[in-house]
Amino acid sequence: MHIVECVDINKTYHQGKVEVLALKGVSLAFEKGSFVALAGPSGSGKTTLLNIIGGLDLADSGRVVVDGNAFDKMNRSQRADLRLNKVGFVFQSYNLIPVLSALENVEFVMLLQGLPPAERRKRAKDILDEVGLEDMYDRRPAELSGGQQQRVAVARAIVSNPSIVLADEPTANLDSSTGKGLLEIMKQMNEKKNVTFIFSTHDNMVMDYADRVIYLRDGMVADDRVKR
Amino acid sequence: MAWRNIWRNPRRTILTISAVAFASILLVFMLSFQFGSYDAMINSSVKIQTGHLQIQAKGYQDKQSIQRVVPHPDEVGEIVNSLPEVDAYTFRAKAFSLVSSKERTYGVVVTGIDPAGEAEVSTLKNSIRRGRYLSQDDQNRESPQALVGKLLARNLRVGLGDELTVLGQGRDGSIAATVVKIKGIYSSGLDAFDRNAIHIPLKLFQDIYSMQGAVHQVVVVAKSLKDVSEIKKTVSAGIKNIDTKHFLTVLDWEALMPGLRQAIEMDLVSGVIYYLILIMVVAFSILNTFLMAIFERTQEFGVLMAIGTSPGRLTRLLLIESLSMTMIGIITGVVIGCLVTGYFQIHGIDISGASELLGQYGISGRLHPKLSLLSATSGPAVVLMITFLAALYPALKVRGLKPVEALTYV
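It should be emphasised that the depicted structure is a prediction, and the values quoted were computed from it without experimental measurement.

1. Overview of helix α3 (residues 73-81) of chain B
All names here are of chain B.
Then comes step 1: Restricting attention to buried positions, one finds in α3 the residues Pro 73, Val 76, Gly 77, Ile 79 and Val 80. Buried residues of α3 fall within an arc of 160° about the axis and therefore sit on the same side. Of the exposed residues in α3, the ones pointing more than 90 degrees away from its buried face are Asp 74, Glu 78 and Asn 81.
Then comes step 2: If you follow the buried residues of α3, they end up packed against β1 (53-57), β2 (86-100), β9 (217-222), α8 (228-242) and β10 (248-252).

2. Section: the packing of helix α2 (residues 10-50) of chain B against helix α13 (residues 373-399) of chain B
All names here are of chain B.
Then comes step 1: Where α2 contacts α13, the two axes come as close as 8 Å, and the packing angle between them is 140°. By the criterion of interaxial angle, the relationship of α2 to α13 is oblique. The interaxial crossing formed by α2 with α13 has right-handed handedness. Residue-level contacts link Val 20, Ser 24, Leu 27, Val 28, Leu 31, Ser 32 and Phe 35 of α2 to Leu 374, Ser 375, Ala 376, Ser 378, Gly 379, Pro 380 and Val 383 of α13.
Then comes step 2: When the residues that make up the contact of α2 with α13 are grouped by side-chain class, the tally is nine nonpolar, five polar and no charged.

3. Remarks on the interface of chain B and chain A
Then comes step 1: On the chain A side, the residues contacting the 23 residues of chain B number 23 residues.
Then comes step 2: Summing both sides of the interface, chain B and chain A together bury roughly 2000 Å²; the carbon and sulfur share of this comes to 63%.
Then comes step 3: A per-residue breakdown of the area chain B buries against chain A is headed by Arg 4, Ile 307 and Val 404 of chain B, which together make up 31% of the total.
Then comes step 4: Across the contact surface, chain B and chain A share zero salt bridges.
Then comes step 5: Where chain B touches chain A, the interface holds four residue pairs in polar contact (both at pLDDT 80 or more).

4. Structural notes on the pairing of strand β3 (residues 105-113) of chain B
Residues and elements named next belong to chain B.
Then comes step 1: Of the pairings in the sheet, the one linking β2 to β3 comprises nine bridges and is antiparallel in character. Paired with Ser 97 across the two strands is Val 108, which belongs to β3.
Then comes step 2: The turn linking β2 back onto β3 is made up of four residues.
Then comes step 3: The sheet contact formed by β3 and strand β8 (residues 197-201) spans five bridges and is parallel. Residue pairing for β8: Val 109 is matched across the bridge by Ala 197.

5. What about a positive patch on the surface?
Then comes step 1: On the surface, Arg 129, Lys 150, Arg 154 and Arg 195 of chain B cluster together into a positively charged patch.
Then comes step 2: In this structure, Arg 129 of chain B sits in strand β4 (residues 128-131).

6. Description of the packing of α2 of chain B against helix α11 (residues 311-347) of chain B
Each pair of packed helices can be described by the angle between their axes along with the distance between the axes.
All names here are of chain B.
Then comes step 1: Where α2 contacts α11, the axes come no closer than 7 Å and their chain directions differ by 35°. When the axes of α2 and α11 are compared, the crossing they make is right-handed.
Then comes step 2: Across the contact of α2 with α11, the residue classes tally to 14 nonpolar, ten polar and no charged.

7. What to know about the sheet that holds strand β3 (residues 35-39) of chain A
All names here are of chain A.
Then comes step 1: Spatial strand order, β6-β7-β8-β3-β9-β10: six strands in an open sheet with mixed pairing. The sheet terminates laterally at β6 (87-90) and β10 (220-226), the two strands that pair on one side only. Across the sheet, the mean angle separating the axes of adjacent strands is 20° when strand polarity is ignored.
Then comes step 2: Examined bridge by bridge, strand β7 (residues 164-168) and strand β8 (residues 196-201) share five bridges and lie parallel to one another. Of the residues in β8, the one forming a bridge with Asp 168 is Ser 200.
Then comes step 3: Seen against the sheet, helix α5 (residues 146-158) touches β6, β7 and β8 and runs at an angle of roughly 170° to β6.

Calculation criteria
- Residues numbered from 1 in each chain as written.
- Chains lettered and ligands numbered in written order.
- Predicted model: local features only at pLDDT ≥ 70, side-chain atom pairs only at ≥ 80, totals over all residues.
- Heavy atoms only, no water.
- Buried < 20%, exposed > 50% of the residue type's maximum accessible area, 1.4 Å probe, protein only.
- Helix = DSSP H or I, 4+ residues; strand = E, 2+ residues; numbered from the N terminus.
- Arc of directions from axis to C-beta.
- Contact = heavy atoms within 4.5 Å.
- Axes fitted to C-alpha atoms, helices over the stretch in contact; angles between N-to-C directions.
- Parallel < 35°, antiparallel > 145°, perpendicular 65-115°, else oblique.
- Left-handed = near helix turned anticlockwise from the far one by under 90°.
- Nonpolar A, V, L, I, M, F, W, Y, C, P; charged D, E, K, R; others polar.
- Buried area = accessible area lost by both parts, 1.4 Å probe.
- Salt bridge = Lys/Arg side-chain N within 4 Å of Asp/Glu carboxyl O.
- Polar contact = N/O pair within 3.5 Å; in protein donor to acceptor, adjacent residues only side chain to side chain.
- Pairing = 2+ DSSP bridges.
- Patch = residues over 30% accessible without salt bridge, like charges linked within 9 Å, V, L, I, M, F, W, Y side chains within 5 Å.
- Areas by Shrake-Rupley, 256 points an atom, 1.4 Å probe, with all protein chains shown as cover.
- Lys, Arg positive; Asp, Glu negative; His and termini not counted.
- Charge placed at Lys NZ, Arg CZ, Asp CG, Glu CD.

What follows is the structure, given as structure tokens:
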């Protein structure tokens, strides 16, 4: 079963009078529970494809279906709602809410979902424990290392039981051992919760962890390898 | 979260809250001061001139003809006297006449007053600067006595004990003439009043001017300014029984002193313009704070949208932040404003610097602001409304943000 389907995706950016073709007729399908890396040089369209899959941006043409929901037929609020319930994001620069503690950052998504406080708190603590931050509940992002912040970001992405987690170069700002630790955690979540992970990356280590690597070049799929 | 966001930049937040608080303090105090000064102006003017209400013959206010009289003042007096809201009342009769001293002649308004009643309703007795006030015995025509305004006395070049010849026309068309002796010279502070009026006992007036027991005004002073409309309503209804031909009318201070009302309205309008400018400055401060917040937090808004925050929820978040800041400022401002105003309400403000101007309204010495629910809340409520509108623009602007652009905003 395909958790994500991209059919003939095209996207062009306008930078002043210059048109930049970011994606050209990309068609891909992702299996539920897969751990996929989108690789390729800068400007190849990795981040654009992630943004379109996550409903942060819309394709000029083509169709994206996430867990049976087509983004192109939705308004902004409906897309926000779909992101809230089906998609988790992990960003390169962590992007935690600076005024909230680690626990509150994780809780925030469940707050938006309208879960009761006690359940929110329990689930947030459980997931922070799982990513090894059991002593860091009350720390604000500024009081955490990069690796710790990224683990909070992973916890935030996973806590609402999304269908997919999209991670845009999640290890780019981390040293290799921290990055490896983070990948272990994400792989563990992927296997334990059967959540689909799609990364954009330059990092060979990420590609080593992936069970499928899709190479993009000039906005097109150049190679698509399933490793196991 | 909104609360924590407010305190991200404490210095900016404190400055913004201070601006709102300062505006609120100023508005509470200034509005109370204005209302206090209006009350003082009204009360002083009614005490010197008109009273809060008058019962007159219809048309007398516009054309003060001696023939337009209240023919049976005692009956009107009974109605007025029966009202608990009435503090005091008296009768007056007026006629334009020529008054001559040995050297000069002036046209003045001769007013017949009941010395005891007049002392209850007006400040005339307390305005005597030289000599003495009229007594009930002065109703005796054998030795008619008069009170003269200070400026008129100066113009006529007369002093205490000097005689004045009064010459006018009686109600029946006959010649009204008498000689009065100056018993007292008053200074009310109102130049127009002090320049062209003399007061004689009512009975003397009625005899000289052939009034046949009639008067021109039944002057009523209410216990409180807010009782005036109720008294007017009751008296209007009451006099219908004794005034079957509808010759009489009840006028309140606004009708009796339209100039004073206009002066108050003008002052209020200019005050409101000044306050609106002040509030706009505060609103721009709030607008600036929130536009800065949007620029600084654009990437964060992108994250919030990415993880599923709806545009409406983001707008609400920003509006809660702005309302929280404004409310802190307003509550602080109202509390401090009320305390400051309350202090000056008790102790008064020295207005000797503006005594000449305010003296024209009968105000002198100290002015007391009047703190009320209206003066304490109306200004701050407008601040709240306008700052909310100012915050609405950036809050709505956030709705237009595209997540992918916001996430990459630098």
